[in-house]
Amino acid sequence: MSTISYDDFAKLDIRVAKIIGTEPIEGKSRIIKGRIDLGNDDQRDVIIGGAQYYEPEDIVGKTVIVIANLEPKKMAGVESNAMLLAADVDDKPFWLTVAEDVPLGSPIK
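Taking an unreviewed UniProt entry as the reference, the protein is identified by name as Methionyl-tRNA synthetase, beta subunit belonging to Candidatus Nitrosopumilus salarius BD31.

How should I be thinking about the pairing of strand β2 (residues 31–37) in this particular structure?
Working note: regular strand, side chains alternate between the two faces of the sheet. By the criterion of burial, β2 is predominantly enclosed, with five of the seven residues buried. Of the strand pairs in this sheet, strand β1 (residues 14–24) and β2 are connected by six bridges, and their pairing is antiparallel. Bridging from a neighbouring strand, Ile19 pairs with Ile36 of β2. Once β1 ends, the chain turns through six residues before running back antiparallel as β2, passing Gly27 with a positive phi of about 80°. Pairing between β2 and strand β3 (residues 43–49): seven bridges, direction antiparallel. Residue pairing for β3: Arg35 is matched across the bridge by Asp45. The antiparallel pairing of β2 with β3 creates a hairpin that spans five residues between the two strands, and Gly39 there sits at a positive phi of about 80°.

The rules behind these values
- Residues numbered from 1 in each chain as written.
- Predicted model: local features only at pLDDT ≥ 70, side-chain atom pairs only at ≥ 80, totals over all residues.
- Heavy atoms only, no water.
- Buried < 20%, exposed > 50% of the residue type's maximum accessible area, 1.4 Å probe, protein only.
- Helix = DSSP H or I, 4+ residues; strand = E, 2+ residues; numbered from the N terminus.
- Pairing = 2+ DSSP bridges.

If you want it as structure tokens, here you go:
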């Protein structure tokens, strides 16, 4: 595994967000379209993996950790404007979250 400098890590804008909406993407069985709330009127569309394990409505309301300043990427006609962080166990995502009520948009350092 290669290492990165603290300066490289500091470039990542990692924040707390809430999944506020989801919908299937026609013709796709492994990804769904999601909408996240980062607080302060910052809501974004994202691509969420793991659709073969979870129904879209099952993850609405989940508080997650995201990289908010990742370059946008378009997949299946949807532009994803953040990345949810997850542990990957046999290709099944387990999204990173917080154990207590934390304000949306709180930075992770």
